[in-house]
Amino acid sequence: MIQLFGSHKQIETEIDEFLDQIIGGGLLFKKGIKFYLDGRFEEFEQRLAELIELEKRADHLRRDIETKLYTKTLIPEFRGDVLGLLEHSDAVLNQISDTLLEFSVEKPETLDDLRDLKHELAKNAIKASEFMVKSIRCYFRDLSAVRDNIKQVHFSREETNRLSEKYKREIFSRKELRLSHKMHLRYFARSIENIADDAEDLCDRLAIAAIKRYI
Amino acid sequence: MEWIYLLSGLFLGWSLGANDAANIFGTAVGSRMVTFRTAALVSTVFVILGAVISGGGTTETLGQLGAVNALAGSFTVALMAGLSVAIMTNMKLPVSTSQAVVGAILGWNFFTGSPTDYGKLLEIVGTWFFSPILAGGFAIGLYLLAKRWLGNARIHMLQMDAWTRLGLIVVGAFGAYSLGANNIANVMGMFVFAAPFDSFSVYGFFEFSGTQQLFLLGSVSIGVGIFTYSYKVMTTVGNDIFRLTPILALIVVLAKSLVLFIFASQGLERILLSLGLPTLPLVPVSSSQAIIGAIIGVALVKSRSNINFAVVGRIATGWVITPIIAAAMCYVALFFVQNVFEQQVVDREQQQQQTSLITPAAEILQFNNPDQLLQAGSLADMLPAGE
């Protein structure tokens, strides 16, 4: 019996650690974007390397949790939902990491007057992912708070979309930029926006999973 | 020869083990919260404990309904109860072993001309109606309590999973104990008056009575039923018939077990008597009826639209038909056993002594209060000499 409670506690800790990786990834992303926009590329690359390491660690944790949940036949009623949530949240972390990597590879030009707008866009997208993590934690521990956090995700995602639209309108209204240049910048705005969209998709799934958990 | 007669009772025990253990651990095993090995081991051990320690109360009540006093009669009663259960199950009609046994005993009473204690019959039939309602009430109370507690407790899903597993085993053990205590009368009750075994002393420590030996044998046959055939039934119950979450299964099994326990516990009866409270009759109730009552109770508070009342009606019909069919089959079978196989299905001498003990309904009705009972003299005075 001690072994039963012990193995449950171990997986609980691993799930918490996995979710911590997503929060950590978001913080590194925000810092990385800030350094990029400020032209501090060395520090940017350092944050990117940390983020890639962190993503690998999260992947490893997710696989470990999934294997243990199946081999130890834990939470049989909700296992499918939990695995789905973990995989989707891992996809959000991947999106965060891929976006920052694209900045490093493609080096999109920074428009000085739109710097704050872009930073704000990144901050809002990450805020959506942070509330997503809070929602998942509540799904495991405090169902009554899931709804409030999902609402915050929706709000942050809408805010991200609004900022992204504003950014894209600004770019495409500029006569001095080539179309290819405009499309390149739009692609990056879209990529950041996808982080919030993915977080919202996960929360739609989470809302249904939470209903199933009510006895 | 005695062993051959006991075979029908052992068959009934095997069938009870195969079917009723599934009511206790079906969802737990079906959803893989508890392994079959653990479920089978826990239920077998606790069924035996329940039957040997607390099986006396319900057997006494069944004996008061009809004291089957010849081994061939007991054999026929148990065989026909088992066969009627098998036939009804084959016809896909929900069936209760308790009802089949009571029906078969009534069949024996009618065939042998033994008087039926209608007071007891009314008591038993009353519990058939009352037990599902009571189980439903318990289930509603437990569900509301669990919902309130779980809403505030903020336990991690994985910790909850561990507690639920532990709860399913503990409640399952209690359920098995209650099943053994309450339903052993169905398996071996009809053999008690035929008394095939003699008491013996175990190294001078305690007396192992003939009835206890019968109960041990019956509960072992229940255990064999659990180990050999209940896995199939458990996975069917867990996956096909009613799909409950493990927590709801915990609530439903606990509600059912409480009902079986209170209708079997002589200890509880003594406590209620000492407090001057009315007691509940010690009657073998159907665990299937109790569990269906508990499920309907939970469904009523959870989501009323989920109840299929046509199915509930069909189940209730099965409950009415079972004792009638068992009584008819037993009556016919006793005719053949007595006249074709020339076996003694009733001990007339013993029957006359028992008949004098049964109080006619008309006499019972004359006593409206305890004072009248005291005036009429003590029970011992009413017994014939030598009893």
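Before reading further, recall that the structure is shown in the block above.
Rules used in this analysis
- Residues numbered from 1 in each chain as written.
- Chains lettered and ligands numbered in written order.
- Predicted model: local features only at pLDDT ≥ 70, side-chain atom pairs only at ≥ 80, totals over all residues.
- Heavy atoms only, no water.
- Helix = DSSP H or I, 4+ residues; strand = E, 2+ residues; numbered from the N terminus.
- Rg over C-alpha atoms; globule rule 2.2 N^0.38 Å.
- Buried < 20%, exposed > 50% of the residue type's maximum accessible area, 1.4 Å probe, protein only.
- Contact = heavy atoms within 4.5 Å.
- Lys, Arg positive; Asp, Glu negative; His and termini not counted.
- Charge placed at Lys NZ, Arg CZ, Asp CG, Glu CD.
- Phe/Tyr/Trp six-rings, centres within 6.5 Å; stacked < 30°, edge-to-face > 60°.
- Lys NZ or Arg CZ within 6 Å of the ring centre and 35° of its normal.
- Expected span 1.5 Å × (residues − 1).
- Buried area = accessible area lost by both parts, 1.4 Å probe.
- Salt bridge = Lys/Arg side-chain N within 4 Å of Asp/Glu carboxyl O.
- Polar contact = N/O pair within 3.5 Å; in protein donor to acceptor, adjacent residues only side chain to side chain.
- Nonpolar A, V, L, I, M, F, W, Y, C, P; charged D, E, K, R; others polar.

(A) Spotlight on the overall build of chain A. The secondary structure content of chain A amounts to 6 helices and 0 strands. Each helix (α) and strand (β) of chain A, taken in turn from the N terminus, gives the series α-α-α-α-α-α. Whereas a compact globule of 215 residues would reach a radius of gyration of roughly 17 Å, chain A reaches 19 Å, a difference of no more than 12%. Each principal axis of the C-alpha atoms in chain A carries an extent, and together these give about 70 × 35 × 20 Å. Burial statistics for chain A: of 215 residues in total, 53% are counted as buried. In chain A, the share of contacts with a sequence separation of at least 24, taken over all contacts with a separation of at least 6, comes to 82%. Positive and negative side-chain charges of chain A, numbering 37 and 41 respectively, have mean locations separated by a distance of 2 Å.

(B) Region of the structure containing the packing of aromatic side chains. Scanning the model with the defined rule gives 16 aromatic pairs over all chains in all. Ring geometry for Phe111(B) and Tyr331(B): centres 5.4 Å apart, planes at 85°, overall edge-to-face. Of this pair, Phe111(B) sits in helix α5 (residues 97–112) while Tyr331(B) sits in helix α12 (residues 309–339), placing them 220 residues apart in sequence. When the centroid spacing of 5.4 Å and the interplanar angle of 55° are considered together, the rings of Phe174(B) and Phe261(B) count as tilted. You can see Phe174(B) sitting in helix α7 (residues 157–192) and its partner Phe261(B) sitting in helix α9 (residues 246–262), a full 87 residues away along the chain. Classification of Phe174(B) by relative accessible area gives partly exposed; the value is 23%. Judged by its relative accessible area of 27%, Phe261(B) is partly exposed. Aromatic ring contacts, followed pair by pair, group Tyr36(A), Phe41(A), Phe44(A), Phe103(A), Tyr187(A) and Phe188(A) into a single cluster. Lying over the aromatic face of Tyr139(A), Arg213(A) brings its terminal NZ or CZ to 5.8 Å of the ring centre.

(C) Just α9(B), in detail. Under the 1.5 Å per step criterion, the end-to-end length of α9(B) is 24 Å for 17 residues, consistent within 8% with the ideal 24 Å. Most of α9(B) sits inside the fold, with 14 of its 17 residues counted as buried.

(D) Structural detail: the side chain of Ser221(B). With respect to the helices and strands, Ser221(B) occurs in helix α8 (residues 210–241). Aside from chain neighbours lying at most four places away, what touches Ser221(B) is Leu10(B), Gly13(B), Trp14(B) and Val187(B).

(E) Examining the interface of chain A and chain B more closely. In this assembly, 24 residues from chain A lie in contact with 24 residues from chain B. When chain A packs against chain B, close to 2200 Å² is buried across both sides, 68% of that on carbon and sulfur atoms. Across the contact surface, chain A and chain B share 1 salt bridge. Here Arg154(B) makes a salt bridge to Asp142(A), at a shortest N to O gap of 3.3 Å. Where chain A packs against chain B, one counts 6 residue pairs in polar contact (both at pLDDT 80 or more). Those elements giving two or more residues to the side of chain A that touches chain B turn out to be α1 (2–37) and α4 (115–141) of chain A. When residues of the side of chain A that touches chain B are assigned to their parent elements, the largest contribution, 7 residues, is made by α1(A). Looking at the side of chain A that touches chain B, its residues break down into 15 nonpolar, 2 polar and 7 charged.

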